[in-house]
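One-letter residues, chain by chain:
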Amino acid sequence: MNNKTQGSSLGQVSSASQVSSSGHGFSLGALLRRPETGSFLGLVAVFVFFAIFGGKNFASITGAASWLNVAASLGIVAIPIGLLMIAGELDISIGSLVPAGSMTTAIISGHFHAPILVGIGAALALGAVVGLINGILVLRTAVPSFIVTMGTLFAMAGLTLGFSVILTGTTSVPLVAGPEAKWLLGRFIGGIFQVTIFWWIAAAIVFGFILHYSHWGNWILAMGGDKVSARNAGIPTERMTVLLFMCSGVSATFVGMSQAILYNSAQVSAGQSYIFNSIVAVVVGGVLLTGGYGSVVGIVLGTLTFAIVNQGIYYTAFDANWASLIIGVLLLVAVLMNTRFRKLALTYTSSKGRAKK
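This one's a predicted model, so the numbers in the text were calculated from it and none came from an experiment.

Student: An account of the nonpolar core is needed here, citing residue identities and associated values.
Tutor: Note that soluble globular proteins tend to have their nonpolar side chains buried in a common cluster. Ranked by size, the top nonpolar core spans 87 residues in total, and within it Ile79, Leu83, Trp200, Ile220, Ile261 and Val296 carry the most contacts. Looking at which element gives the most residues to this core, the answer is helix 4 (residues 61–86), with 14 residues. Leave out the neighbours within four places in its chain, and tryptophan 200 touches Leu68, Ala71, Ala72, Gly75, Ile76, Ile79, Val300, Thr303 and Leu304.

Below you can see the structure in the form of structure tokens.
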């Protein structure tokens, strides 16, 4: 690939990223071409639907808490997964890292009675190490990240189960955290809202700044557009890939650790639902499966949409088994809408470029 082709490829990615993250141009046309627009329209439609058929209970404070609590735990995992997908990678090992983080904290601080900070630190370190391994394996083997992380998914599931039985003799371990840990990670605000919601907001702010207001964000978008061209342009693609996998691993073990503190126990079997739930939330949020396009705001909106569908069905007279059908249809519609909005974005930036000439 020659330099002219590389520059053209990176330029196209840059144009898409400007539409997705720049603050320039507040016209209706520019707004409709943003990657989070489709997810916002989907969120509004889903909320109105369940507000009508779910009645007062769905729109009440208790109802809001039910889907916000689900969205918070899922959202902390979904944001790093979304950034990985924007960069053209995928991590499904989170399905085992959530229970691994939970069991690590419970075994160290619950079964062996070590200080809770030791258990928390060990859980987060485990996520970082597994993320590091995932990143290195993806880079060194050239095997698709889906396959690599599938391997670590099963490996971590086996290690978590094996060590839990060997060290504690059971697959469910109780944990009594101190008041400081409960206040920061495991309490209900007002008796109904999990404190994890604030950690989700903090994660959205931090990763939103990284993706939309820093050069690292441009690197991530460029990697998803064309990794070879991005590397040839001087972007440290290998370092960024490893860091993104480490963020994904740490976020998963953080969720597991916080749940162990919240519910005063940990189980080996919890966490598998996070794999596809996070992918659905990210795709509904406007991130392309092919990479190179998306926003943190869209991921947050997609997570809220998924949580509302997941919990809202219980406030209606419909059979709860229909929730999976709704989520499946929502995913298909989201993929079609995301492709359409991306084409509009690229058409819009190309027409602006020709007009300037």
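Still to come is the rest of the account.
Student: I'd like to hear about the packing of aromatic side chains, residue by residue, with values.
Tutor: Summed over all chains, the structure comprises 9 aromatic pairs. Seen from their ring centres, phenylalanine 49 and phenylalanine 50 are 5.1 Å apart, and the 90° between their planes marks the pair as edge-to-face. For phenylalanine 49, a relative accessible area of 31% translates into the label partly exposed. On the basis of relative accessible area, phenylalanine 50 is assigned to the buried category, the value being 1%. Between phenylalanine 209 and tyrosine 213, the aromatic rings sit 6.4 Å apart at their centres with planes inclined by 20°, giving stacked as the arrangement.

Student: Give a description of unusual backbone geometry that names residues and reports values.
Tutor: Residues other than glycine seldom take positive phi values, yet alanine 142 does so here, at roughly 60°. As for its position among the elements, alanine 142 is in the loop between helix 6 (116–141) and helix 7 (145–168). For asparagine 264, which is not a glycine, the phi torsion comes out positive at approximately 60°. You can see asparagine 264 is positioned in the loop between helix 12 (237–263) and strand 4 (265–267). Taking the relative accessible area as the measure of exposure, asparagine 264 reaches 35% and is therefore partly exposed.

Student: Tell me about the confidence of the model for the chain, residues and numbers included.
Tutor: Residues of the chain with pLDDT of at least 70 account for 85%, and the chain-wide mean is 85. A low-confidence stretch, residues 1–25 (pLDDT under 50), is modelled with 35 contacts involving residues beyond four sequence positions or located in other chains.

Student: Describe in detail the packing of helix 3 (residues 37–59) against helix 14 (residues 296–312), supporting the description with residues and values.
Tutor: At a closest axis distance of 9 Å, the pairing of helix 3 and helix 14 adopts a crossing angle of 30°. Between helix 3 and helix 14, the interaxial angle falls into the category roughly parallel. As for the relative orientation of helix 3 and helix 14, their crossing is left-handed in sense. Contacts between helix 3 and helix 14 involve Ser39, Phe40, Gly42, Leu43, Val46, Phe47, Phe50 and Phe58 on the former and, on the latter, Gly298, Leu301, Gly302, Leu304, Thr305, Ile308, Val309 and Gly312. Class assignment for the residues of the contact of helix 3 with helix 14 results in 10 nonpolar, 6 polar and no charged.

Procedures and definitions
Residues numbered from 1 in each chain as written. Predicted model: local features only at pLDDT ≥ 70, side-chain atom pairs only at ≥ 80, totals over all residues. Heavy atoms only, no water. Core = buried A, V, L, I, M, F, W, Y, C linked by side-chain atoms within 4.5 Å. Buried < 20%, exposed > 50% of the residue type's maximum accessible area, 1.4 Å probe, protein only. Helix = DSSP H or I, 4+ residues; strand = E, 2+ residues; numbered from the N terminus. Contact = heavy atoms within 4.5 Å. Phe/Tyr/Trp six-rings, centres within 6.5 Å; stacked < 30°, edge-to-face > 60°. pLDDT = per-residue confidence, 0-100. Axes fitted to C-alpha atoms, helices over the stretch in contact; angles between N-to-C directions. Parallel < 35°, antiparallel > 145°, perpendicular 65-115°, else oblique. Left-handed = near helix turned anticlockwise from the far one by under 90°. Nonpolar A, V, L, I, M, F, W, Y, C, P; charged D, E, K, R; others polar.

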